[in-house]
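Examining the three-dimensional arrangement
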Amino acid sequence: MSHYPALRLRRTRASAWSRRMYAETVLTPADLIWPLFVTDGEGVEEPIASLPGVSRWSVDAVVALAREAAALGIPCLALFPNTPHELRSERGEEALNPDNLMCRAIRAIKDAVPEIGLLTDVALDPYTAHGHDGLIDGAGYVLNDDTAEILVGQALNQARAGADIIAPSDMMDGRVGLIREALEGEGHANVQIMAYAAKYASAFYGPFRDAVGSRGLLKGDKKTYQMDPANSEEALREVELDLDEGADSVMVKPGLPYLDIVRRVKERFEVPVFAYQVSGEYAMIEAAAAAGAGDRDALVLETLMAFKRAGCSGVLTYHAAHAARLLGA
Ligand SMILES: NCc1[nH]cc(CCC(=O)O)c1CC(=O)O
Ligand SMILES: [Mg+2]
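Values in this document were obtained by computation on a predicted structure and should not be read as measured data.

A few points about the pairing of strand S5 (residues 117-122)
- For S5, a buried count of 6 out of 6 residues is recorded, marking the element as mostly surrounded by other parts of the structure.
- Handedness of the crossover joining strand S4 (residues 76-81) and S5 through helix H3 (residues 101-112): right-handed.
- By the bridge criterion, 4 bridges tie S5 to strand S6 (residues 165-168) in an arrangement that is parallel. The residue bridging Val122 from the neighbouring strand is Pro168, located in S6.
- Following the chain from S5 across helix H4 (residues 144-161) to the adjacent parallel S6, one finds a crossover that is right-handed.

Thoughts on the pattern of salt bridges
- Counted under the stated rule, the structure contains 17 salt bridges.
- Of the charged contacts in the structure, one is a salt bridge between Glu186 and Arg160, with a shortest N-O distance of 2.4 Å. Taken together, the residues span a long stretch of sequence, with Glu186 in the loop between helix H5 (175-185) and strand S7 (192-199) and Arg160 in helix H4 at a distance of 26 residues.
- Across the salt bridge formed by Arg263 and Glu267, the nearest N and O atoms sit 3.5 Å from each other. Pair noted here: Arg263 and Glu267 are both in helix H8 (residues 259-269), with a separation of 4 residues, about one helical turn.
- Taking relative accessible area as the criterion, Glu267 reaches 55% and is therefore assigned exposed.
- Put simply, Asp125, Asp133 and Lys222 are held in one network by salt bridges that share partners.

Quick word on helix H10 (residues 296-310)
- For H10, with 15 residues, the first-to-last C-alpha span of 21 Å sits near the 21 Å given by 1.5 Å per residue.
- Next to the buried residues of H10 lie strand S1 (32-38), H8, strand S9 (273-277), helix H9 (279-290), strand S10 (314-317) and helix H11 (320-328).
- Of the residues one or two after H10, Gly311 is the one with positive phi, at around 125 degrees.

Focus on the site of ligand 1
- Ligand 1 sits among 17 residues. The nearest are Arg209, Lys222, Lys253, Ser279 and Tyr318.
- One of the side-chain N or O atoms of Asp133 is found 2.9 Å from a nitrogen atom in ligand 1.
- A distance of 2.7 Å separates an oxygen atom of ligand 1 from a polar side-chain atom of Ser279.
- In the complex, the protein chains occlude 100% of the 400 Å² of accessible area that ligand 1 would expose alone.
- Residues that form the shell around ligand 1 fall into these classes: 7 nonpolar, 3 polar and 7 charged.

Quick notes on the environment of Ala155
- Mapping Ala155 onto the fold places it in helix H4.
- Sequence separation of Ala155 and Ile166 is 11 residues, and the distance between their C-alpha atoms is 6.5 Å.
- For Ala155, the contacting residues outside a window of four places in its chain are Val122, Ile166 and Ile179.

Let's talk about the side chain of Thr147
- Tracing the sequence through the fold places Thr147 in helix H4.
- For Thr147, a relative accessible area of 0% corresponds to the buried category.
- When near neighbours in sequence (up to four residues on either side) are disregarded, Thr147 contacts Asp133, Gly134, Leu135, Val142 and Met172.

Some points on the UniProt feature "binding site: Mg(2+)" (unreviewed entry) in the protein
- Mapped onto this structure's residue numbering, the UniProt feature "binding site: Mg(2+)" (unreviewed entry) falls at Glu238.
- In this structure, Glu238 sits in helix H7 (residues 233-244).
- Sequence-distant contacts of Glu238, defined by excluding residues within four places in its chain, comprise Met171, Ala197 and Met227.

Remarks on a negative patch on the surface
- Residues Asp145, Asp146, Glu149 and Asp173 make up a contiguous surface patch of negative charge.
- Note on placement: Asp173 falls in the loop between S6 and H5.
- Classification of Asp173 as exposed rests on a relative accessible area of 52%.

Considering the side chain of Ser214
- The residue Ser214 is located in the loop between helix H6 (206-211) and H7 in this model.
- Ser214 sits in the buried class, given a relative accessible area of 1%.
- Among all residues touching Ser214, those that are not within four sequence positions of it are Arg88, Asp125, Gly131 and Arg209.

Thoughts on the packing of aromatic side chains
- All chains considered together, the criterion is met by 9 aromatic pairs.
- Here Phe37 and Phe80 contribute two aromatic rings whose centre-to-centre distance is 5.9 Å and whose plane-to-plane angle is 40 degrees, an arrangement assigned as tilted. Linking Phe37 in strand S1 with Phe80 in strand S4, this pair joins segments that are 43 residues apart in sequence. Across the pair, exposure class does not vary: Phe37 and Phe80 are buried alike.
- With centroids separated by 5.0 Å and ring planes inclined at 90 degrees, the aromatic side chains of Phe80 and Phe208 adopt a geometry described as edge-to-face. Of the two residues, Phe80 sits in strand S4 while Phe208 sits in helix H6, which places them 128 residues apart along the sequence. Of the two residues examined, Phe80 and Phe208, each falls in the buried class.
- An aromatic cluster is built from Phe37, Phe80, Tyr196, Phe208, Tyr276, Tyr282 and Tyr318, whose rings are joined through pairwise contacts.
- The lysine or arginine in question, Lys199, covers the ring of Tyr196, its NZ or CZ lying 5.4 Å from the ring centre.
- Above the ring of Phe208, the side-chain terminus of Lys253 is found at 5.9 Å from the ring centroid.

Criteria and cut-off values
- Every residue gets a number counted from 1 within its own chain, in the order that chain's sequence is written.
- Whichever chain is written first is A, and whichever ligand is written first is 1; the rest continue in order.
- Confidence filtering applies because this is a predicted model: local features only for residues at pLDDT of at least 70, side-chain atom pairs given and counted only at 80 or more, and all residues used for totals across whole chains, interfaces and linings.
- Note that water and hydrogens are dropped before the side-chain values are worked out from all heavy atoms of the structure.
- When a residue's accessible area, from a 1.4 Å probe over protein chains only, is under 20% of the maximum for its type it is buried; when over 50% it is exposed; and in between it is partly exposed.
- Secondary structure elements are taken from DSSP: a helix is a run of H or I of four residues or more, a strand is a run of E of two residues or more, and numbering for both begins at the N terminus.
- By convention, a crossover is right-handed whenever its connection, traced from the first strand over the helix to the second and viewed with the strands pointing away, goes clockwise.
- Note on pairing: DSSP must find at least two bridges between two strands before they are called paired.
- Any carboxyl oxygen of Asp or Glu that lies within 4 Å of a side-chain nitrogen of Lys or Arg is treated as forming a salt bridge with it.
- In this scheme, a helix's expected span is set at 1.5 Å multiplied by one less than its residue total.
- Note on contacts: a residue pair qualifies if any of its non-hydrogen atoms lie within 4.5 Å across the two residues.
- Whether a residue is near a molecule or strand is decided by its heavy atoms; if any one of them lies within 4 Å of it, the residue is near.
- Side-chain atoms alone can form a polar contact between residues adjacent in sequence; in general such a contact is a pair of N or O atoms within 3.5 Å, and within protein one must be able to donate a hydrogen while the other accepts it.
- To measure how exposed things are, a 1.4 Å probe is used in the Shrake-Rupley method; for residues, cover is taken only from the protein chains shown.
- Residues are grouped as follows: nonpolar covers Ala, Val, Leu, Ile, Met, Phe, Trp, Tyr, Cys and Pro; charged covers Asp, Glu, Lys and Arg; every other residue, Gly included, is treated as polar.
- UniProt positions are given in the numbering used here, feature names are shortened, and annotations may be inferred rather than shown by experiment.
- What goes into a patch is any residue over 30% in relative accessible area without a salt bridge, connected to like charges within 9 Å or, for nonpolar side chains (Val, Leu, Ile, Met, Phe, Trp, Tyr), within 5 Å.
- Neither His nor the chain termini are counted; the positive set is Lys and Arg, and the negative set is Asp and Glu.
- Here the site of a charge means NZ on Lys, CZ on Arg, CG on Asp, or CD on Glu.
- Each Phe, Tyr or Trp ring (for Trp, its six-membered ring) is paired with any other whose centre lies within 6.5 Å, and the angle between the two planes then decides the class: stacked below 30 degrees, edge-to-face above 60, tilted in between.
- The rule is short: NZ of Lys or CZ of Arg within 6 Å of the ring centre and within 35 degrees of the ring normal puts a charge over the ring.

Take a look at the structure:
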């Protein structure tokens, strides 16, 4: 048996070239999906106070960012609309409007930057007057089957506009299978589904809700549909069901506090797993850097590498453009 001093693990760490050669994990711009918030108007940029460095952009501005992303080697954008308040309703019908903000953004980006992928979120929270991801009954309970029916319409609406990846983030049971069937039925055979399969009822979504304008509207919490942070066996069941229903890839969300889930899913199913480094995680890194508690660039790259090491095929992150620039430098 070999041991010290014959065996010294510090030997391969002694120089930069060697560390590079022995790196077990690589992070590249192709691992990054960039979430962008879209708002009405033209030439508009609205900074989001709780998400420093991130803004809502009008469609024309989002197209410019899409160009920038493509040039940086980012393969895919995730789009989220800040629906004007007068268009939000009890049942979120605006989600089905073929000319809604989301569809206009999809068409404009596909037109100008056809080489970039577009992932679109399926859930009603940017469209409902009560801020929930689905339809509610008189007691405020989110109804599963009635919601799933509308989500199918929302997914088709996005696919018709040109979405490449449908990403249901609502956590209704059965919606992946229903959406897959509807996509096949309409000839969208190559439109992918990335299921938010294990999405937790998390305190890390606050800045996102500011960004899409649902924070002030949301009544209660999302614990009757999003998962309990105490559970991981249940996450494996969620993933298994979504894969059975036709998901091409699955997502774990939030990210860093749930890397154990990423690892378990990857080892159990050996399928493409993505994670969402969510708004509160982004805000936490920015706050730490602003407070002088750590170097921003190093924090960004280290956390993103951690996702890859845990088994992720890619990460949705608000730091995508910044990280891609660091990686390209
Ligand atoms: N279905 C909504 C949705 N899609 C993505 C996020 C959160 C993303 C983030 O915090 O960055 C949320 C918020 C929520 O479930 O309330
Ligand atoms: Mg499920």
